[in-house]
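Per-entry structural report
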Amino acid sequence: MAARDRSAISRSDTVVELSGVHKVYRQRQRSANLSQVLSSLLHPTIREVEALRGIDLRVQRGEIVAYAGPNGAGKSTTVKLLSGLLAPDAGSVRVLGLDPIRDRTRYVSRIGVVFGQRTELWWDQPIAASFEWKRVVWDIPRERYVRMLGLLQEVLGLHEFFHSLARELSLGQKMRADLGMALLHEPEILFLDEPTLGLDVLAKRDILTFITDINRRQHVTIMVTSHDMADLEQLAGRVVMIHRGSIAYDGDFDRLRREYADRRRLSIESVGPAPLLDGAQLVSSAGGRHEYVFDAAHVKIAALLDQASAQTEVLDVETHRAPIDDVIADIYEAWQREAGAPVPAPTS
Amino acid sequence: MAGSSPAWTLRRLLALWRFYGAMDLKWMMRDARSLLLWTLSDVITAISAVASTLLLAARFNGIGRWSTPQITFMLGYALLVGMIPNIFFNYNVAYISRRIGRGQFDHVLVQPQPLWMILLTEGFSPFTTMLGLLPALALLAWPLGRGVHTVTIGWLAAFGLNVVASVAIALSFSLIVGSLAFWAPRAAEEINSSSWHLLESLKLFPLDGMGAGLTATLLTAVPAGFLAWYPSRALLGIDGAGYAILVTPLAAVVAVLLATWVFRRGLRQYGRTGSQRYLSFGHRR
């Protein structure tokens, strides 16, 4: 569907619908002990790993959804289910009203997929040849191809390496080319699995800008996974956090900060040594400047300043929110501490 | 993707073959030195592969019931059947265990085309492999020029049908064996190298005089007998039975059905487990 047709559709359409999705992997256990190796030939020990435990998720047309979670949480499994590369053991996966496995050919012509560590580019061919390949295999009408190629070359800056071989490109250039390829047929949904993995700061910024831009211009629904929460916060209004195969949080980043821990940093410049503040943890102290972290949901900043003033002469004060990565690290740490206990997480 | 009529399917197939052929030609023109070296090594490998059987036949004036020109024809047939998968199923399509075992099958599944169409067209690389046909054509032309069999339109049609059938049997065997990688990706990643080597080395000898059990094995479990010996025997009239010329095509039908069944089961397994590993090596190079 062309972008101009798509814009006429209500933005409130549900395009991704996961209902009660379960996925279990069976892993054969191996031992280093010889006798156990021999006995496992006859009686193998199989461990079942529940990658997804009854996931329910809906995504509206035009949304950018960040899909996050620690290693092994089930992010890539979900993206593979949504891309039609895996079948659920139970539950249903419907995207754009289609079953990704049963309606594979119709379905994949309407979506785009980019895996950060893989490339669709033809290695020994110029990027131009890979784009031409995409046009022929996806049967993209010439007029649409020319229009989209022009747009993508402009916003992704593909001109500079369009006639270079894929194997000669930097990681950032390859990712730009892969993103361009994934969007050439104007997919309605784009699944991005770790699109910024291994990229330098500049390349990362370009990719993030492009993703938000293409969402705005083409109304492409985007689901993106990343370990880099700062990237995700920059991209998406909504974050879905998955833990041990279940959705632990679904909402916006502000609420995530408020409900889990409103972590702040307090920087105090004083004449004497660092004051001891009840409710805040000193993380660094150098040249009379002392940095603390505290949870603003439980500790009032005024109370901390009163304590500091009572102990020393305060010259300057600064406070700011902790980076989202710190917040997420706290959440993951809490999850690990709970060691398998159900996560008391709010969902919207 | 609109349509699924035979006319649309044919148009798609032709468009895809044309595109992959053109891509191959452009690659060839860009890297002529590598191409020359590869082609030369392909030709030398092909000649070396048949040299021992050819020399034996020349030294003893044939092998068993087979005259030297008949042996030469069989070797030409064997080389031709070996070259066609290179032309049509390059980029590891013929070595499907590599794609499955390395997790590269995901790249196939995200293309909006039937799987059979992707596998039939994606490896088409006629220009970089075509010269490898020369030794095969030379070995076929020499005995036919010496009158080993009368060449008529009907015989040529039977020859073409048998060649296609032999290729289909070789590819089916490769697909069946390669599908093991769906269940054991790491262990079976390179299994198609061994399966092709097995067929290539066994297809070069006439199997007359072997025990019934061994002959049956070489026509079923490891169908090397259908890649040169049996069809050549039928085409040259060494086996006088009239139906012999249809045996290889019928065997091909059975082999293709079996391969389709095994591959589909493998795909279901892939849908359950996905690829647990990914290697970019050999992907689209």
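Residues numbered from 1 in each chain as written. Chains lettered and ligands numbered in written order. Predicted model: local features only at pLDDT ≥ 70, side-chain atom pairs only at ≥ 80, totals over all residues.

This part takes up the overall build of chain A. Of the regular secondary structure elements, chain A holds 12 helices and 13 strands. Seen through its principal axes, chain A has C-alpha atoms that stretch 75 × 60 × 45 Å. A buried classification covers 39% of the 348 residues belonging to chain A. Looking at chain A alone, contacts between residues at least 24 apart form 74% of all its contacts between residues at least 6 apart. (Helix = DSSP H or I, 4+ residues; strand = E, 2+ residues; numbered from the N terminus. Buried ≥ 20, exposed ≤ 12 C-beta atoms within 10 Å, placed from the backbone. Contact = placed C-beta atoms within 7 Å.)

Moving on: the sheet that holds strand β4 (residues 90–95) of chain A. All names here are of chain A. Spatial strand order, β2-β1-β4: three strands in an open sheet with antiparallel pairing. Strands at the two margins of the open sheet, each flanked by one partner only, are β2 (45–60) and β4. Taken over all neighbouring pairs, the strand axes of this sheet differ in orientation by 25 degrees on average, direction set aside. Here strand β1 (residues 14–29) runs beside β2; their pairing, made up of 13 bridges, is antiparallel. Among the inter-strand pairings, valine 24 is bridged to a residue of β2, identified as glutamate 50. (Pairing = 2+ DSSP bridges. Axes fitted to C-alpha atoms, helices over the stretch in contact; angles between N-to-C directions.)

With 25 residues of chain A at the contact, the number on the chain B side is 22 residues. Those elements that place two or more of their residues in the side of chain A that touches chain B are α3 (75–83), α4 (104–108) and α5 (127–137) of chain A. Of the residues forming the side of chain A that touches chain B, the biggest block, four residues, is contributed by α4 of chain A.

Turning our attention to the sheet that holds strand β11 (residues 280–286) of chain A. Strand pairing in a sheet takes place through backbone hydrogen bonds and is either antiparallel or parallel in direction. Residues and elements named next belong to chain A. With respect to topology, four strands assemble into an open sheet ordered β11-β12-β10-β13, the strand pairing being antiparallel. Here the strands that pair on one side only, and so sit at the sheet edges, are β11 and β13 (314–321). With strand direction ignored, the average angle separating the axes of adjacent strands in the sheet is 20 degrees. Here strand β10 (residues 263–270) pairs with β13 via seven bridges, running antiparallel. Opposite arginine 264, over in β13, you have arginine 321 as the bridge partner. Running over the sheet, helix α11 (residues 301–311) touches β10, β11, β12 (289–295) and β13 and is turned about 155 degrees from β13.

Residues and elements named next belong to chain B. Between helix α2 (residues 32–59) and helix α8 (residues 133–145), whose axes approach to 8 Å, the crossing angle comes to 40 degrees. One element, α2, and the other, α8, form an angle in the oblique class. Of α8, the residues touching α2 (which contributes Val43, Ala46, Ile47 and Val50) are Leu134, Pro135 and Leu139. When grouped by side-chain class, the residues that make up the contact of α2 with α8 number seven nonpolar, no polar and no charged. (Parallel < 35°, antiparallel > 145°, perpendicular 65-115°, else oblique. Nonpolar A, V, L, I, M, F, W, Y, C, P; charged D, E, K, R; others polar.)

Positioned with a positive phi, glutamate 186 of chain A is a non-glycine residue whose angle comes to about 55 degrees. Looking at the secondary structure, you find glutamate 186 of chain A in the loop between α7 (171–183) and β6 (189–193). Even without glycine at this site, tyrosine 91 of chain B takes up a positive phi of about 50 degrees. What makes tyrosine 91 of chain B partly exposed here is the crowd of 19 C-beta atoms within 10 Å.

So, about the packing of helix α9 (residues 153–178) of chain B against helix α14 (residues 244–273) of chain B. Residues and elements named next belong to chain B. Between α9 and α14, the least distance of the axes is 8 Å, while the angle of their chain directions is 25 degrees. Taken together, the axis directions place α9 and α14 in an arrangement best described as roughly parallel. Considering the relative orientation of α9 and α14, their crossing is left-handed. Residues Ala158, Leu161, Asn162, Ala165, Ser166, Ala168, Ile169, Ser172, Phe173, Leu175 and Ile176 of α9 form the contact with α14, whose participating residues are Ile245, Thr248, Pro249, Ala251, Ala252, Ala255, Val256, Leu258, Ala259, Val262 and Phe263. When grouped by side-chain class, the residues that make up the contact of α9 with α14 number 18 nonpolar, four polar and no charged. (Left-handed = near helix turned anticlockwise from the far one by under 90°.)

Turning to the confidence of the model for chain B, a few remarks are in order. Residues and elements named next belong to chain B. The predicted model of chain B averages 92 in pLDDT, with 99% of residues at 70 or higher. The least confident element of chain B is α2, whose mean pLDDT is 84; the most confident is α9, at 97. Our summary of model confidence lists the complex with pTM equal to 0.85 and ipTM equal to 0.89. (pLDDT = per-residue confidence, 0-100.)

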